[in-house]
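# Structural overview
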Amino acid sequence: MKLRSRRLLDRSLTGVSVMAIVLMSLSLLVLLGPIFSRGAAAFLFRATSEFRRFNLEQFNRGDSRRIAAESRAVAEARQPLYGMLAAFTAELEDMDPARRRELRQQFKEVRDLLRELLGPLPGEMDAVMLRQQYGQTRWDRARVTLQRILFSEQWDYSDPSRMGRKVLVPRRQAFAGTQLEPLFPHLQQNLKSMLQPRFTFYWRFLSDRSLDSHFFGGIWPEILGTFYLTLGAMLLAIPFGVIAAIYLSEFAAAGRLVSLLRVCISTLAGVPSIVFGLFGLAFFINTLHLSHSKSVLAGSATLALLILPTIIRAAEEALKSVPHAYKEAALSLGASPLRMVLTVLLPAALPGILTGVIISMGRAAGETAPIIFTAAVSVGRPLKLWETLNQPTPALPWNIYNLATEHQAVDQIRHVQFGMVLTLVLLVLLLNLAAIVIRARISRKMRG
Amino acid sequence: MKTNERNLVMSDAASRLRRLAAFFSKGFLFLVAAASLVAVLLIIVYIARDAIPFFKLRGLKELFAGTAWFPSGNPPEFGALAIFIGSGLVTLGAILVAVPLGIAAAIALSDILPYRLRQAVKPVIEILAALPSVAYGFFALVIFAPLLQNHGGSLLSLAAWLIFLPLGLLIAFAVSEIATRSIRADVAPAARWLLAATLAAVLVRGLAALSAILKNVAVSSGTNAFNVSIILGIMALPTIVSVAEDSLQAAGRELREGSYALGATRAESLFRVIIPAAGSGIIAAVILGVMRAIGETMVVWMASGNAAQVPQPWFNFLSPVRTLTATIAGDMGEADQVLGSERYHVLFALALCLLLISFFANLASEWILRRQARRLGGLK
Amino acid sequence: MKLISTILALSLLGGAFGFAADANKIVVDGSTTVGPIAKAFAEYTMRQNPGVNITVSESGSGNGAKSLVNKSCQVASMSRLLKLNEYEAAVHSEILPVVHVVALDGIAMIVHPGNPVAKLSMAQVKDIYLGKIRNWSQLGGPNTAIVIISRDTNSGTYETFEGKVMKGEKIAKNCEYVGSNGAIRQRVQSTPAALGYVGIGFLDNTVKALPIDGVNPTPETVKDGSYPIARPLYMITNDYPKMGSHLYRYVNLYLSKKGQTMIEEIGFIPVTSY
């Protein structure tokens, strides 16, 4: 009997721990699922004719003759619609004042939404902001706008004990009997020919600059900024990290000073990233005056401090795992310790060091808090290499935060936010994949 | 041959030169290695330098005991107790999520899963650790918060089922085993199953009642301590799993084999032998997980709601809270550095607290891990 | 030690490049409310003058003032004026703050569109934020606790609200603070019981803006001064920008027809129509 219960307990432990593993993997899936699926929509989507017109006019991209032909076809398809608008405008003038007042506001809403959907309506003044010059460039967004044109959102407040319920009222009803009434079914049926959606793989999302604060275009300045910040952090941190690791693993005698050093390294690893940000502001910018204001250099230096412990630990680990026989062979051949390190130890430990470096690269690329006060801005053009010394830059992690919380049209540019998150996550995942591959190679080599 | 002959004994001068070079190169290496020491000192000095004026101006009592946080009021008030409690609450929540899950996963990785599966799970942990915090924050804000807000009750009841059903069934079976131990052998199995079934039925009824209550919980705002706790828990998971697994591994083969040889099952040898031996390492893992949760900025800034209030009652995870890190990130705006205002210095005072917490937590975990290494080393 | 010396050397180098490129580099820092205008102006100016790099940070009015005093930005985009200690600091570091009023803005009280409450008075808004009115039923709505949401304390919008509505009294502790206008709108549109405030440039159909004392927050009512919670938006420079410089063109864009159209299109009110 006792044995049974003991076995049961043993089984249940197995069950619980396997369950934990399953839950952990599941949470990763839940996290990455929406990021991948919705992020992919930034690259692969059904682009409308407005998208192609935009690309031609703003980036000078695409076959201009084909686009001109398409524009003609689109204009032709829209002609009846614009005709209805004009007819109704005339009709509105002749209505009795009460009905006119009632309809004018609604008509204005319809016109505004149509402009959002199709671009400037005929006879309107030239707009300055790009978002007013083009209609919806994405078919999924166009469908959302279409719904808003067909149905107006109203709220039913009849039950005072609870919040109102949303009721969708067809706008057609309000315009019943007028010349605008046929517009709604017409629009619904012919929207495809008015916008000509086509599947497009917009890989240039990665290489285009953003236009009209991320309403259009891609995320190149952010990618480049992240690249500079990471590169700078690595350039500053690798020499220090590797040299410190060499000292700790080869030359340091066990003593107070060295254990103090180790404590400092692990303390540095434990400092919250926001404190690094404050320190970077107070030290690199306000005390050392690395740059006049935020700059890539100051951000890189802050990030370098953040990843220094990771690099030291990884490098030390790699140096320690080099077989003793290597070192002793080199020393017995008469090499000085320094020479032994440079010619035998470092090459042998290089793949291991590289793994640590790559992983900390991922960390540096994704950190946000340290660059808030030291390097990141929400709008800026892609920098040239020398400009990184004194100019701030947009960067992926900061702009994800910025677009997701501070942007004027948060909901309309969700695809850009998800695209940015996907890009950052993919970048980090690729770096980690590289590290895993290198590590697998090392362990294969070690096993012989 | 003669031309290639070298004197294997170095001349005095050469040897002295070489020793000198070695001395200097070693010194240089030490100086570079000391960069992290310098960095830590500089960080402490620079944060403290701007934090001390605050304590001089306003003393300690208000910051640590007051709950009125009105840094821009006239006159301003800097009672940060609610903020400390907020940080504590989300950290507690993260620990509640991450510690059971993390230790169970560490046990699976070190003792239960076969080698191949273990290799397959490792990347999952690495990816969880590598994902940028802003990606977690974005998920918390854009996907999890609306979900929590619109289907909060159902989500909570689902969580209750997921957690309590397996646990409860386990307990039900254990209880029925123990209770039927002294009954005659021929009726025991029947009695055991009967008891287990009854207990399970009671459990399911109880859970149904609980989930009915939870379903009606209205989550007034999706950005709250609960949301952040779950996400922070997932973020702290990799740290806890890997450190705990390391220390379970470090307990060594000899202990396990000895325990098995005495007839213990795997569960018994784990709980009676391995975990006591690796216990301090697991505590260190928990401390490191706490540090990860308490120092995280982006997730709490984006998804904790940032209300500087003490939740009513204090364990109300569904109320929005404000944390130390988010206060620093969000409030830095008013920092007038030229003249130095109280508002600027109070943020450095908070940063100093954060720094001290992480400093001592780190020292503690370091000390524990080192002591464990020494002890296990002696054991071998 | 080496770290510091390397960095010093690098920074000297940086300084050298920095001064060479200064005329083509404009740094704008400050309010998230003025952010859309600053960003739109920046893109427009950069398109007109391809060699120029304008960076815009939206980190709050306080940050803008601080950067201006530190000389780390040329333009502080602010939704409030400088405060006395900021003026003192500016004088102390030999800066002459010159204020350009670029646009007008109203602060609209917003609720979830499902909320049946249709109007509020100034006194009611104040009482809600003081924590005296805690339930929508006290205002004729359903029996739900009010979730009050405010901008973070480092924003000019917060200070305007504090000044114009709260009149110096303290906001209740259970108030949630969010970092930006966009975030408030998002919180309100997803929270049926919420009450928040945003600049009218941030209004859209996902939230319901309530009339205050019977006046709707629209560009027209802000323009004619009947809407009570309105304020000018500023760009502040150190000294008058040099005529014809890029900075001059950037800051004065609001006086041109294009600039005013942009301000209207973004949802604010151009000053000249005041």
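I will try to describe carefully the structure that is included in this document. The structure displayed is predicted, hence computed values, not measured ones. (Residues numbered from 1 in each chain as written. Chains lettered and ligands numbered in written order. Predicted model: local features only at pLDDT ≥ 70, side-chain atom pairs only at ≥ 80, totals over all residues. Heavy atoms only, no water.)

What follows deals with the interface of chain C and chain A. Listed as interface residues are 59 residues of chain C and, on the opposing side, 52 residues of chain A. In total, chain C and chain A occlude about 4700 Å² of area from one another, counting both sides; carbon and sulfur atoms represent 56% of this. One can count zero salt bridges joining chain C with chain A. Summed over the shared surface of chain C and chain A, the number is 19 residue pairs in polar contact (both at pLDDT 80 or more). Among the elements that take part in the side of chain C that touches chain A, helix 1 (residues 2-21) of chain C stands out by supplying nine residues, more than any other. (Contact = heavy atoms within 4.5 Å. Buried area = accessible area lost by both parts, 1.4 Å probe. Salt bridge = Lys/Arg side-chain N within 4 Å of Asp/Glu carboxyl O. Polar contact = N/O pair within 3.5 Å; in protein donor to acceptor, adjacent residues only side chain to side chain. Helix = DSSP H or I, 4+ residues; strand = E, 2+ residues; numbered from the N terminus.)

In this section: the environment of Asp105(C). Residues and elements named next belong to chain C. Mapped onto the fold, Asp105 is located in strand 4 (residues 97-111). Its relative accessible area of 0% is what places Asp105 among the buried residues. For the pair Asp105 and Pro232, spaced 127 residues apart in the sequence, the C-alpha separation amounts to 6.0 Å. Asp105 has contacts with Thr33, Gly199, Ile200, Gly201, Val222, Ile229, Ala230, Arg231, Leu233, Phe268 and Ile269, leaving out every residue within four places of it along the chain. In terms of polar contacts, Asp105 uses its side chain to reach the backbone amide nitrogen of Ile200, at 3.1 Å. (Buried < 20%, exposed > 50% of the residue type's maximum accessible area, 1.4 Å probe, protein only.)

To continue, consider the packing of aromatic side chains. Pairs of aromatic rings are described using the distance from one ring centre to the other and the angle between the two planes. Residues and elements named next belong to chain A. Under the counting rule described, the total for this entry stands at 34 aromatic pairs over all chains. With a centroid separation of 5.2 Å and an interplanar angle of 85 degrees, the aromatic rings of Phe51 and Tyr202 are classed as edge-to-face. Taken as a pair, Phe51 in helix 2 (residues 49-59) and Tyr202 in the loop between strand 4 (198-201) and strand 5 (210-211) lie far apart in primary sequence, 151 residues in all. With 5.0 Å between their ring centres and 80 degrees between their planes, Phe54 and Tyr134 make a pair best called edge-to-face. Of this pair, Phe54 sits in helix 2 while Tyr134 sits in the loop between helix 5 (130-133) and helix 6 (139-150), and the two are 80 residues apart along the sequence. Here the two residues Phe54 and Tyr134 agree in accessibility, since each one is buried. In this structure an aromatic cluster arises from ring pairing among Phe43, Phe45, Phe51, Tyr202 and Phe205. Stacked on the ring of Phe45, the Lys or Arg Arg138 has its end atom at 4.3 Å from the ring centre. (Phe/Tyr/Trp six-rings, centres within 6.5 Å; stacked < 30°, edge-to-face > 60°. Lys NZ or Arg CZ within 6 Å of the ring centre and 35° of its normal.)

The next point concerns the packing of helix 4 (residues 81-112) of chain B against helix 10 (residues 266-295) of chain B. All names here are of chain B. Close contact between helix 4 and helix 10 brings their axes to 9 Å; oriented N to C, the two are set at 140 degrees. Classified by the angle between their axes, helix 4 and helix 10 sit oblique to one another. Along this stretch, helix 4 crosses helix 10, giving a crossing that reads as right-handed. Side by side, helix 4 and helix 10 meet where Thr91, Ala94, Ile95, Val99, Ile103, Ile107, Asp111 and Ile112 of the first sit next to Arg266, Leu270, Ile275, Ile282, Val286, Gly289, Val290, Ala293 and Ile294 of the second. Its residues assigned to classes, the contact of helix 4 with helix 10 comprises 13 nonpolar, two polar and two charged. (Axes fitted to C-alpha atoms, helices over the stretch in contact; angles between N-to-C directions. Parallel < 35°, antiparallel > 145°, perpendicular 65-115°, else oblique. Left-handed = near helix turned anticlockwise from the far one by under 90°. Nonpolar A, V, L, I, M, F, W, Y, C, P; charged D, E, K, R; others polar.)

In this assembly, 86 residues from chain A lie in contact with 85 residues from chain B. For the pair chain A and chain B, the two sides together bury roughly 7500 Å², of which 79% comes from carbon and sulfur. The three residues of chain A that bury the most area against chain B are Met24(A), Leu31(A) and Leu278(A), which together make up 9% of that side's buried surface. A total of 24 residues in the side of chain A that touches chain B trace back to one element, the largest contributor, which is helix 1 (residues 2-40) of chain A. For the side of chain A that touches chain B, a count of residues per class yields 59 nonpolar, 20 polar and seven charged.

All names here are of chain A. This model, assessed by the stated rule, comprises 36 salt bridges over all chains. Put simply, Glu109 and Arg171 hold a salt bridge, and the shortest N to O gap is 3.0 Å. Taken as a pair, Glu109 in helix 4 (residues 97-118) and Arg171 in helix 7 (residues 171-174) lie far apart in primary sequence, 62 residues in all. Classification of Arg171 as buried rests on a relative accessible area of 6%.

This part takes up unusual backbone geometry. One non-glycine residue, Asn60(A), adopts positive backbone phi at about 55 degrees. With respect to the helices, strands and loops of the structure, Asn60(A) is situated in the loop between helix 2 and helix 3 (64-93).

So, on to the side chain of Thr327(B). All names here are of chain B. Note that Thr327 resides in helix 12 (residues 324-331). The exposure class assigned to Thr327 is buried, which follows from its relative accessible area of 0%. In this view, Thr327 contacts Trp69, Ile83, Arg322, Met332, Leu347 and Leu350; residues no more than four positions away in its chain are not counted.

Within the fold, His112(C) resides in the loop between strand 4 and helix 5 (122-130). A distance of 3.0 Å separates the side chain of His112(C) from the backbone nitrogen of Gly114(C), its partner in a polar contact.

The side chains of a regular strand alternate, first on one face of the sheet and then on the other. Residue and element names in this part refer to chain C. Counting buried positions along strand 1 (residues 25-30) gives six out of six residues, so the element sits mostly inside the fold. Here strand 1 shows no split at all, with Lys25, Val27 and Asp29 on one side and Ile26, Val28 and Gly30 on the other all buried. Both strand 1 and strand 2 (residues 53-58) contribute to a ladder of six bridges, which runs parallel. In the sheet register, Val27 faces strand 2, and the bridge partner there is Thr55. Each parallel crossover has a hand, and the one from strand 1 via helix 2 (residues 35-48) to strand 2 is right-handed. Pairing geometry for strand 1 and strand 3 (residues 75-78), over three bridges, is parallel. Paired with Val28 across the two strands is Val75, which belongs to strand 3. (Pairing = 2+ DSSP bridges. Right-handed = clockwise from strand over helix to strand, strands pointing away.)

Function cannot be inferred from these measures alone, as they are strictly geometric.
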